[in-house]
Amino acid sequence: MAGTDLWRANLPGFFHWAVWDDEEEEVFYHQGSGETLLLNPLGAFILKIIGSAEISTDKLVQLAANHFKLPIDQALIDCIEMSLRTFAQKGLIQTHARDYPEFQAG
Amino acid sequence: MPAIIPNSRQDEIRRALRGDGYRIKIGPFNVSLRSRLNKVAESMSLFYGDYPQLPADAFVDYHVRVDNPLGLRRWLHPQAIFSFDGFTPFKPLPEAQAFAMFEWGLNWCIATTAHQFLVVHSAVVAKDDRAIILPGDPGSGKSTLCAAMVSQGWRLLSDEMALIDPEAEHITPLPRPIGLKNESIEIIRTYGNNVTLGPSINDTAKGTVAHMRPPPDTLQHATRAAQPDHIVFPRYTTGAATELRPLNKPRTLTRVAEQSFNYHILGEDGFTTLTRLVSNCPAVELSYSHLDSAIAQIDALVS
């Protein structure tokens, strides 16, 4: 996947979260697909960001590095790309190339 | 010690089963069972003989029937088949399993239709209306532990299903016979007081099964809901020391969701109900091999 492709949420209004102050992990429920996922902090961060706005992989890597105070290295990029693929396979998010115009019905 | 059911009561139940149906209230559900089978009549007398009977004009949630299927085979190898509103969801089983089939069939009816509740595959027992939810996969020892706790004075809400009210967040009792399998049957037969077991049924899909009759006072509280207090995931392991390990809330939520029959149907309501349950209810994993010690640990949770 290209680092500049944009990721967006499928039915972000159907994103629901169970979050507790004293827990690192979070639980995500997607009303559209029925998926319930136990997420580590990085997975939860990624889905929350994409749920709020379209974003490229490159930008997501930058935000995650800042948020978790991590260096931008291949391990972080691989981890984020794997999470993106998993979420996409489950139908929670989708990607579209920045260069292609949005299809306009009618 | 077998419970003594007067012959006149047995005859009454047998006539109802062969007629318009033996109509009783089981927890929040009105059930009508019809059957011509003597084994069903005997077991219904033993296990459901003192359940509240419904007036003739009462609405019935589940019209079910357990009878021999038609055909020549019933004369050679008698079988029983379960039907719900005329629909037969399962293949016939040997007639000896007819009462167990009623129990399994009623579980199926409730799990597939009672969506006013979040239904979780779990035993539930209570002390002072504080409920312990015992979810568990087959073989986890949940029914054995439930039966032992009930024989030690805990109130039985259910051996098989936690009916969680999504609004009130309490658990509605569904007291029914406790299904025991294989080695658990002898363990419970010799454990504690107040234990009445029905006949053992061999060669079922689950091995040998027998049912334990809920203690007589269970029905006196059959309409009194209880508040979830703890979630305990039992895990029976031969020779294991009794050990309680706290579970974090996110993992508890996903584990309980996996044990729910209708979480996926309730959608957002199911998720919200589970989130509240897990937020208000500490969860532990209980490894055990010794019933007294396990019960003492659970006692300590609510004391």
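Refer to the structure printed above.
Parameters at a glance
Residues numbered from 1 in each chain as written. Chains lettered and ligands numbered in written order. Predicted model: local features only at pLDDT ≥ 70, side-chain atom pairs only at ≥ 80, totals over all residues. Heavy atoms only, no water. Contact = heavy atoms within 4.5 Å. Buried area = accessible area lost by both parts, 1.4 Å probe. Salt bridge = Lys/Arg side-chain N within 4 Å of Asp/Glu carboxyl O. Polar contact = N/O pair within 3.5 Å; in protein donor to acceptor, adjacent residues only side chain to side chain. Helix = DSSP H or I, 4+ residues; strand = E, 2+ residues; numbered from the N terminus. Nonpolar A, V, L, I, M, F, W, Y, C, P; charged D, E, K, R; others polar. Pairing = 2+ DSSP bridges. Axes fitted to C-alpha atoms, helices over the stretch in contact; angles between N-to-C directions. Left-handed = near helix turned anticlockwise from the far one by under 90°.

Participant: Just give me the short version of the interface of chain B and chain A, but keep the residues and values in it.
Facilitator: Facing 13 residues of chain B, the contacting portion of chain A comprises 13 residues. Regarding the contact of chain B and chain A, the summed buried area is about 1200 Å², with carbon and sulfur atoms giving 66% of it. It is Pro250, Glu268 and Phe271 of chain B that lose the most area in chain B upon contact with chain A, and together they represent 43% of the buried surface on that side. Where chain B meets chain A, there are 1 salt bridge. Arg251 of chain B serves as the salt-bridge partner of Glu25 of chain A, at 2.5 Å between the closest nitrogen and oxygen. At the boundary of chain B with chain A, the tally comes to 5 residue pairs in polar contact (both at pLDDT 80 or more). For the side of chain B that touches chain A, the secondary-structure elements that each account for two or more residues are helix H7 (249–258) and helix H9 (268–280) of chain B. Grouping the amino acids of the side of chain B that touches chain A by side-chain chemistry returns 5 nonpolar, 5 polar and 3 charged.

Participant: Give me the lowdown on the sheet that holds strand E1 (residues 6–9) of chain A, citing residues and values where you can.
Facilitator: Residue and element names in this part refer to chain A. Strand order in the open sheet formed by 3 strands is E5-E1-E6, and the pairing between neighbours is antiparallel. Two strands bound the open sheet, and with one partner strand each, they are strand E5 (55–56) and strand E6 (93–96). One ladder, built from 4 bridges, connects E1 with E6; its direction is antiparallel. Directly across from Ala9, in E6, lies its bridge partner Ile93.

Participant: Describe the packing of helix H1 (residues 41–52) of chain A against helix H3 (residues 74–89) of chain A, with residues and values.
Facilitator: Residue and element names in this part refer to chain A. Direction vectors running N to C along H1 and H3 enclose 65°, while the axes themselves pass 10 Å from each other. As H1 runs across H3, the sense of the crossing is right-handed. Between H1, through Leu42, Gly43, Ile46, Leu47 and Ile50, and H3, the contact on the second element is made entirely by Cys79, Ile80, Ser83, Leu84 and Phe87.

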